[in-house]
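So the chains spell out like this:
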Amino acid sequence: MKVLVIGGGAREHALCRSLSLDPDVTALHCAPGNAGIAEVAELHPVDALDGGAVARLATELQADLVVVGPEAPLVAGVADAVRAAGIPCFGPSREAAQLEGSKAFAKDVMAAANVPTARAYVCTTPAEIDEALDAFGAPYVVKDDGLAAGKGVVVTDDLDVAREHALACGRVVIEEFLDGPEVSLFAITDGSTVLPLTPAQDFKRALDGDEGPNTGGMGAYSPLPWADPKLVDEVMATVLQPTVDELRRRGTPFSGLLYAGLAITNRGVRVIEFNARFGDPETQVVLARLKTPLASVLLHAANGTLDNEPPLNWRDEAAVTVVVASHNYPGTPRTGDPIEGLDEVAAEDAPHAYVLHAGTKKDGDAVVSAGGRVLSVTATGEDLAQARERAYTAVSRIRLDGSQHRTDIALKAAGA
């Protein structure tokens with residue numbers, strides 16, 4: 001099978017790494033990719049948001065499967081263009097991807113499917129914003145209706161901060177605050193059959209102790225020793241299958257990766273948000289634990305034959321990923337700084353720990369930073385404590401001027 005992966009972050013590096021280890025994959029391509037992905041896949045320059053360009057590249061490569069990684073190309077309809085060219089594509093249509101592209105659309109789908117979620121108001125005027133903020137009170141949860149790369153959400157006790165963010169959004173969703181721990185659960189679906197993956201937890205705040213601004217994610221771990229063993233079955237029955245069924249009923253079937261961000265509240269499981277693609281950095285730990293070869297599962301989903309796929313097999317190992325971010329992230333990041341120590345991790349820590357590239361590029365022979373989240377250092381172990389120790393040992397070998405990372409990823413869970 002010849003596979004083309006679209007994107008260039010750590011999520012795509014994790015996907016490419018898993019696909020490169022799959023004996024069914026005879027050729028692996030990525031566009032545009034990054035410096036790390038270049039080690040396992042052939043890179044091609046392409047505008048990932050240009051469906052026509054992606055479809056032409058897939059046709060030239062005679063790809064048997066295209067996997068669209070990031071959300072922006074999906075919302076832009078890239079998967080539709082690839083399918084129109086007659087090539088199987090893992091990723092939802094433009095219409096189905098509105099589940100992530102518009103939080104108001106997602107709320108409408110959840111209401112129709114009776115999926116448990118936070119009560120919310122969709123606001124477009126200052127008066128509506130003030131009314132919603134007043135109705136819910138602090139802590140205020142304010143979400144930009146559209147895509148914002150994981151940084152369009154403000155949770156604050158400060159009314160002025162909440163109102164300022166809401167006014168800057170245009171169309172905004174204001175909702176009740178959900179207490180309790182958060183869980184990410186992915187499911188692969190072909191529009192009717194739903195295959196859940198293993199749960200993970202990510203860390204959204206920039207600083208230790210869940211302090212600082214929201215980010216795209218600073219680390220993740222799996223499994224969740226504190227979670228109810230029946231959690232996956234419950235979420236399948238109350239969230240994932242009803243949502244897939246409702247989208248199919250509307251004539252916009254969702255085929256690809258459905259990501260449910262969940263809060264385990266004292267009133268039960270509630271959906272915080274849906275994403276239409278693999279989450280980053282949770283993908284890094286989920287795929288580290290997946291034993292089933294990935295390519296055939298994605299191809300079955302793309303072809304509508306997922307009911308032929310047996311249940312997924314998982315390693316007993318735990319996995320932890322720690323994000324190394326650039327100076328000033330999540331503000332405007334500093335880029336172009338050389339990254340050293342990658343060879344040391346490969347020599348000293350493999351195969352239990354490895355580095356997945358996010359915002360990197362080659363500058364001559366050197367690898368330099370090229371984004372806010374630069375690397376995802378991922379490790380496996382017999383339990384979370386061992387995986388954590390291995391991940392942070394590998395992080396300590398990496399030298400990037402001004403870089404930052406959290407030191408408490410999976411700390412509480414490892415002691416649970």
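Located above this text is the structure these notes cover.
Calculation criteria
Residues numbered from 1 in each chain as written. Predicted model: local features only at pLDDT ≥ 70, side-chain atom pairs only at ≥ 80, totals over all residues. Heavy atoms only, no water. Core = buried A, V, L, I, M, F, W, Y, C linked by side-chain atoms within 4.5 Å. Buried < 20%, exposed > 50% of the residue type's maximum accessible area, 1.4 Å probe, protein only. Helix = DSSP H or I, 4+ residues; strand = E, 2+ residues; numbered from the N terminus. Contact = heavy atoms within 4.5 Å. Pairing = 2+ DSSP bridges. Axes fitted to C-alpha atoms, helices over the stretch in contact; angles between N-to-C directions. Left-handed = near helix turned anticlockwise from the far one by under 90°. Phe/Tyr/Trp six-rings, centres within 6.5 Å; stacked < 30°, edge-to-face > 60°. Lys NZ or Arg CZ within 6 Å of the ring centre and 35° of its normal. Polar contact = N/O pair within 3.5 Å; in protein donor to acceptor, adjacent residues only side chain to side chain. Patch = residues over 30% accessible without salt bridge, like charges linked within 9 Å, V, L, I, M, F, W, Y side chains within 5 Å. Areas by Shrake-Rupley, 256 points an atom, 1.4 Å probe, with all protein chains shown as cover. Salt bridge = Lys/Arg side-chain N within 4 Å of Asp/Glu carboxyl O. Lys, Arg positive; Asp, Glu negative; His and termini not counted. Charge placed at Lys NZ, Arg CZ, Asp CG, Glu CD.

How do you make sense of the nonpolar core when you look at a structure like this?
The nonpolar side chains of soluble globular proteins are, as a tendency, buried together. Membership of the largest hydrophobic core comes to 78 residues, with the highest contact counts inside it found for L4, V66, L240, F274 and V320. In terms of residues, this core owes the most to one element, helix 9 (residues 231-249), which gives eight residues. Sequence-distant contacts of L240, defined by excluding residues within four places in its chain, comprise L185, A187, V194, V235, L258 and A260.

I keep staring at the sheet that holds strand 12 (residues 201-202) and nothing clicks. Help me out?
Think of a sheet as strands paired side by side through backbone hydrogen bonds, with each pair either parallel or antiparallel. The five strands are arranged 12-15-18-22-19 in an open sheet whose pairing can be described as antiparallel. Looking at which strands have only one partner, the edges of the open sheet turn out to be strand 12 and strand 19 (353-357). Here strand 18 (residues 318-325) runs beside strand 22 (residues 373-381); their pairing, made up of eight bridges, is antiparallel. When the sheet's bridge partners are listed, T321 is paired in strand 22 with T378.

I tried to follow the sheet that holds strand 11 (residues 194-196) on my own but got confused; where do I start?
The antiparallel open sheet is built from four strands, whose spatial order is 11-10-16-17. Either end of the sheet is taken by a strand with one partner, and the two such strands are strand 11 and strand 17 (268-275). Averaged over all neighbouring strand pairs, the angle between strand axes comes to 35 degrees, with direction disregarded. With seven bridges connecting them, strand 16 (residues 256-265) and strand 17 associate as antiparallel partners. Note on strand 17: the bridge partner recorded for T265 is G268.

What is the right way to read the side chain of T252 from this model?
When you line up the elements, T252 lands in the loop between helix 9 and strand 16. For T252, the contacting residues outside a window of four places in its chain are E95, A96 and L247.

When you look at the pairing of strand 7 (residues 140-144) in this model, what are you seeing that I'm missing?
Consecutive residues of a regular strand have side chains that alternate between opposite faces of the sheet. Across the five residues of strand 7, five count as buried, placing the element largely inside the fold. In strand 7, alternate side chains face the same way, and those of Y140, V142 and D144 on one face and V141 and K143 on the other are all buried. Where strand 7 lies against strand 8 (residues 153-156), four bridges are found, and the strand directions are antiparallel. Residue pairing across strands places K143 opposite V153, the latter belonging to strand 8.

What exactly am I supposed to notice about the packing of helix 7 (residues 126-136) against helix 8 (residues 159-169) here?
To describe two helices that pack against each other, one gives the angle between their axes and the distance between the axes. At a minimum axis distance of 10 Å, the contact between helix 7 and helix 8 shows a crossing angle of 145 degrees. Seen along the crossing, helix 7 lies across helix 8 with a hand that is right-handed. On helix 8, the residues touching P126, I129, D130 and L133 of helix 7 are L159, A162, R163, A166 and L167.

Explanation requested: the packing of aromatic side chains in the structure shown.
Geometry of an aromatic ring pair is reported as the spacing of the ring centres plus the angle between the planes. Taken as a whole and assessed by the stated rule, the structure comprises five aromatic pairs. With centroids separated by 5.4 Å and ring planes inclined at 45 degrees, the aromatic side chains of Y121 and F136 adopt a geometry described as tilted. Taken together, the residues Y121 in strand 6 (residues 120-123) and F136 in helix 7 connect sequence positions 15 residues apart. Here the aromatic cluster, defined as three or more aromatic residues joined through ring pairs, consists of F90, F186, Y259 and F278. Geometry around Y354 places R17 over its ring, the cationic atom sitting 3.6 Å from the centre.

For this particular structure, what's the right way to read the side chain of S102?
Residue position: S102 is located in the loop between helix 5 (98-101) and helix 6 (103-113). The class of S102 is buried, set by a relative accessible area of 7%. Within the structure, the side chain of S102 is placed 3.1 Å from the backbone nitrogen of F105, a separation counted as a polar contact. Setting aside anything within four residues of it in sequence, one finds S102 in contact with D145 and R171.

Before we go on, may I ask you to explain a negative patch on the surface in this structure?
Together, D157, D158, D160 and E164 make up a negatively charged patch on the protein surface. Within the element layout of this structure, E164 appears in helix 8.

When you look at the pattern of salt bridges in this model, what are you seeing that I'm missing?
One side chain can pair with another of opposite charge once the charged atoms of both are near each other. Within this structure, the stated rule accounts for 22 salt bridges. Note that E176 is salt-bridged to R119, the shortest N-O span being 3.6 Å. Highlighted residues: E176 in the loop between strand 9 (172-175) and strand 10 (182-189) and R119 in the loop between helix 6 and strand 6, separated in sequence by 57 residues. Exposure remark for E176: the relative accessible area of 10% places this residue in the buried category. Between D408 and R406 there is a salt bridge whose closest N-O contact spans 2.9 Å. A single burial state applies to D408 and to R406, both of which are buried. Through salt bridges with shared partners, a single network forms among R11, E12, E71, E100 and R277.

When you look at the environment of P116 in this model, what are you seeing that I'm missing?
Within the secondary structure, P116 is located in the loop between helix 6 and strand 6. Placed 204 residues apart in sequence, P116 and V320 show a C-alpha to C-alpha distance of 29 Å.

Explanation requested: unusual backbone geometry in the structure shown.
Where the residue is not glycine, phi is negative for most of them; where a peptide bond is considered, it is trans in most cases. A cis amide bond links A138 to the next residue, P139, at an omega of -10 degrees. Within the secondary structure, P139 sits in the loop between helix 7 and strand 7. Note the cis peptide between A350 and P351, where omega equals 5 degrees. Structurally, P351 is set in the loop between helix 12 (342-348) and strand 19. One non-glycine residue, Q62, adopts positive backbone phi at about 55 degrees.

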